[in-house]
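Topology and contacts: notes
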Amino acid sequence: MPDTQTESWDLIIQPKTSWFNLRLNELWSYRDLLFIMVKRDFIAAYKQTILGPLWHFLQPLFTTIVFVIVFGRIARIPTDNIPQPLFYLCGLTLWNYFSACLNGTSNTFIANAGIFGKVYFPRLIIPLSVVISNAIKLGIQFLLLLAMMAWYAVKGYDFHIGLNILWIPVVIIIVALLGLAMGILISALTTKYRDMTVLMSFAVQLLMYATPVIYPLSFIPEKYKNLIGLNPLTWLTEAFRNGLLGNGLVDISMIGYSVLVTLLLLLASIMIFSKVEKTFMDTV
Amino acid sequence: MSTVIQVSNLSKQYRLGQVGTGSLSHDINRLWHRAWGKEDPYLKIGEENNRETKGNSDYVWALKDINFDIEQGDRVGIIGRNGAGKSTLLKILSRTTSPTSGSVKIKGKVASLLEVGTGFHPDLSGRDNVFLNGAILGMSRKDIKSRFDEIVDFAGVERYIDTPVKRYSSGMYVRLAFAVAAYLESDILIVDEVLAVGDHEFQKRCLGKLSDVSNKEGRTVIFVSHNMDAVLRLCSHAIILNNGKINGYSNTNNIIDTYLKSDFGTTSLRRWTDDSAPGNQVVRLKEVVVHDEDYNRNETFNITKRVGITMTYEVLQEDVIFTHGINLYNSQGLNILNSHDIVSELRKFPRKKGVYSSTSWIPGNFLAEGTVVVGVAIFNHKPFHIHFHELDAVAFNVVDSFAGDAARGDYVEGFPGIVRPILNWETEKSN
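Notes on the structure in this doc start here. Here the structure is a predicted model, which means the values were calculated and not measured. (Residues numbered from 1 in each chain as written. Chains lettered and ligands numbered in written order. Predicted model: local features only at pLDDT ≥ 70, side-chain atom pairs only at ≥ 80, totals over all residues.)

Okay, the overall build of chain A next. Check the secondary structure of chain A and you find 12 helices and 1 strand. The N-to-C order of helical and strand elements in chain A reads β-α-α-α-α-α-α-α-α-α-α-α-α. C-alpha atoms of chain A, sized along the principal axes, occupy 85 × 50 × 35 Å. Intrachain contacts of chain A at a sequence separation of at least 6 include 80% that bridge at least 24 residues. (Helix = DSSP H or I, 4+ residues; strand = E, 2+ residues; numbered from the N terminus. Contact = placed C-beta atoms within 7 Å.)

Before going further, it helps to spend a moment on the nonpolar core. Ranked by size, the top nonpolar core spans 133 residues in total, and within it A:Phe98, A:Cys101, A:Val175, B:Ala179, B:Val180, B:Ala181 and B:Ile222 carry the most contacts. It is helix H8 (residues 167-190) of chain A that contributes the most residues to this core, 15 residues altogether. With sequence-adjacent residues up to four places away left out, B:Val180 is seen in contact with B:Val130, B:Asn133, B:Gly134 and B:Ile151. Counting 29 residues, the second-largest nonpolar core is a separate cluster that includes B:Val307, B:Val315, B:Leu367 and B:Ile378. (Core = buried A, V, L, I, M, F, W, Y, C linked by C-beta atoms within 7 Å. Buried ≥ 20, exposed ≤ 12 C-beta atoms within 10 Å, placed from the backbone.)

Moving on: the pairing of strand E1 (residues 3-15) of chain B. Residue and element names in this part refer to chain B. Relative to strand E3 (residues 59-71), E1 is paired through 9 bridges, and the arrangement is antiparallel. Bridge pairing in E3 links Leu10 to Ile66. Relative to strand E5 (residues 101-106), E1 runs antiparallel, the two being bridged by 5 bridges. Paired with Gln6 across the bridge in E5 is Lys105. (Pairing = 2+ DSSP bridges.)

When two helices pack together, their arrangement is given by the angle between their axes and by how far apart the axes lie. Residue and element names in this part refer to chain A. At their nearest, the axes of helix H3 (residues 55-74) and helix H4 (residues 84-106) sit 9 Å apart, and the two run at 125 degrees to each other. When the axis of H3 is compared with that of H4, the two are oblique. Like other packed secondary-structure pairs, H3 and H4 cross with a definite hand, here right-handed. Judged by residue contacts, Pro60, Thr63, Thr64, Phe67, Val68 and Gly72 of H3 engage Gln84, Pro85, Tyr88, Leu89, Leu92, Thr93 and Asn96 from H4. Among the residues forming the contact of H3 with H4, the class breakdown is 7 nonpolar, 6 polar and no charged. (Axes fitted to C-alpha atoms, helices over the stretch in contact; angles between N-to-C directions. Parallel < 35°, antiparallel > 145°, perpendicular 65-115°, else oblique. Left-handed = near helix turned anticlockwise from the far one by under 90°. Nonpolar A, V, L, I, M, F, W, Y, C, P; charged D, E, K, R; others polar.)

With that out of the way, let us pick up the environment of B:Gly370. Residues and elements named next belong to chain B. Summarising the element assignment, Gly370 is placed in strand E18 (residues 370-380). Spatially, the C-alpha atom of Gly370 lies 34 Å from that of Val315, the residues being 55 residues apart in sequence. Once you skip the residues sitting within four places of it in the chain, Gly370 turns out to touch Asn330, Ser331 and Val398.

This is the structure:
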C-alpha cells in the first residue's frame, strides 16, 4: 500500500484521544436522536397510567402540604413574608428540577449498559435527553406554581414583579447545567466503583437542606452563611424566588460565582465523561 | 477497489476477575506510571487468551496484534470458536469499546447490528420504534421517513405498525428490527450472526438482503459467526480468529482447508482424573475423545469422512457384564441417534479389572453439517442398571464439502434435514 499515509480516513479508532477532543459536532449530527429520546421518555412514562402527566401536579402539591405542616406550622421557620405554600412550592419546583436532572443523569452508564454495549452513538445524548425531558416536567410544575400565584393574586397578595423576573430563564438554564454536570460526573465515576451510587442516594437529600428551599437565606445566622453560600444552588434559588415572588436575595457577584462553578464543573465532567465512555463497557 | 477498513496492530487487554479493592491499587499504580511518562506496567504482562489453561496473570489479551485490510464491497466473514476474540473485534469496530493499542482506520459511515432491536421500547408503537431504532443507528428523521414504507413492507407488519411492540410476536419483532437496519444508509455494515434468527423463510430474505446490499449497492459487509456454514454461504472472504490472533484470511473457497486444519478443539476431548469422573464403584469413565480415521483428535470433520468416538474407562470390580452406548444430538438439541454395542465380543463376557477403550464409528456422508453433541453411557440390560450416562460429554462439528462429493452435490444453498446420506437413485423410462 503505497499511499496509506496520504489517504483520508473518515474515522480513526485509537486507544488514546486528547482530553479536549469532545466531538461536539458529532453530537449535533445526532440531534434527531435526542428529540426522539425525549419523546420516548415522555410517552413511555405515562403508558398505562390513568392520571398521566397529572402526576407531576400531585407530587409537589403533597410535598408542599407536608412542608407547610412540618416546617411552617410545627417548626415555625419564617418564609420572608411570603405565604408559606407559595414559598415552599417555588423552592420545590426549582429543587425538583435540579434533583431530577442529577438523579436521572447519574446512572447514565449503568442504566444504559445494555444499549451502549450494542451500538455506538454519542453517549452524551442520553443525559441531555434526561435534562430536556425533565424541563418538560418542570414546565408542567411551573403551571401549578402559576395557578397558585394567581390564586394569591386574586386574594390580593402583591408580588412586586419587576425586572428581576428576567432571572428566571437564566436560573433554570444554570440549574439544568449544574444538574447535568454533577450527574454525568457521578455516572462516569460509578462505572468502575459503585461506591458513589450509595453516596448519591442520601447526598442529594442532604444537599436540599444546604439549599434555601425550606428556609430563606435571610434566616441563616451569619456564621453559617458563608458555608451555605458555597453551594451555587443557594444563589440560584434565591434569585428564582425573587424573580417570581418578589422576595429573595439577588447578589450579582454570587450569581456570577455560581455560573463560573457550573461551567467549570461542566467542562471537567464532559471531559471525564468522554474518556470513560470509550472503555466503560469493560468495567461496568 | 479501495481499502475501506485498515486494522493495524490492534490489541485489546482485559482484566479477569472481580473489580474490587485490588483494582484500585492497580489503577493508582497505572496513574503513577503515566504521570512519570512510563509505560503502563500491566500491558507487559497478560497472556494469550486460552480458556483451557489456567493462566498465571489476571490480564489477558483478547486480541493481540491483529492486522488486516478490507476492500470496498467485500463481504467478510469473521469466524472462530467462542472466546477467539470475535466479539471483542466487533465491539472495537462498532466503537462500543476502545482498543488497548493499535488503530482502526475507516472510510465511510459504519452501522453495526450487534443485536436486533437495540433500544426498542416495548411500550412504543412499531412506528415510533422504527424512528427510535433508526435514530440510534445514526439515521436522521428525514432518511427514516423516506424509507419508512420500504421498511414496513420488508418486515410485513403493516397491520400492526401502530400497536406497541410488546404485543408483537417474536418473529414480527425481529423482522421489523432487521428491516430498519437493512435499509439503513451506511457504507459499512457490521452484522452479528444473531441476525440470522427467525424462521427459515425470513432468514433467507435476510441473507439475500445482505448479499444485495453488498452486490448491488457496493456496501461492505462484515459478518461475524461461529458457523462456517453461514459464512460460506454469505461471504466472499473469511478471517479465522483463534486465541486473539488471525489464523487465516482468504477468500472463502480457500479458507475451508485452513478452518478444518486449525485447532478449534475445545470440547472434542474430555478427561477425568479425580473422583468427579462419571461412574460408580463398578466402572469409572476416564476419557472421551472424537477423532478421525487415523485416531488424531479433531473437532471439525469434513462431511465425507468417518468420525470415531472413543471412550476409555476403568473397570474396578471383577467379573461384571455391561455394554456401552452413545447418543448424538444436533445444535437444536434434537436427538439424531442412539446406539449401543451389539457387535463386540467382550460385551458378552464378565470383564476383568483394568482400563478399556471402546470406539464407535459414524460413517461419512451420514450426519448433516453443524455441531454434534455426544453423550456416552455404560449400562446393563438385565437387570437394567446405568453405571454412568454422561450427556454433553464431547462435541464436534461437521462441515459440508462443496467439492461435489457430498449429498448436496453442486447445490450451494441451505440444505435442511437432520441427516445427509447419499441415497441411491434409480430412474427408468417406463414407456
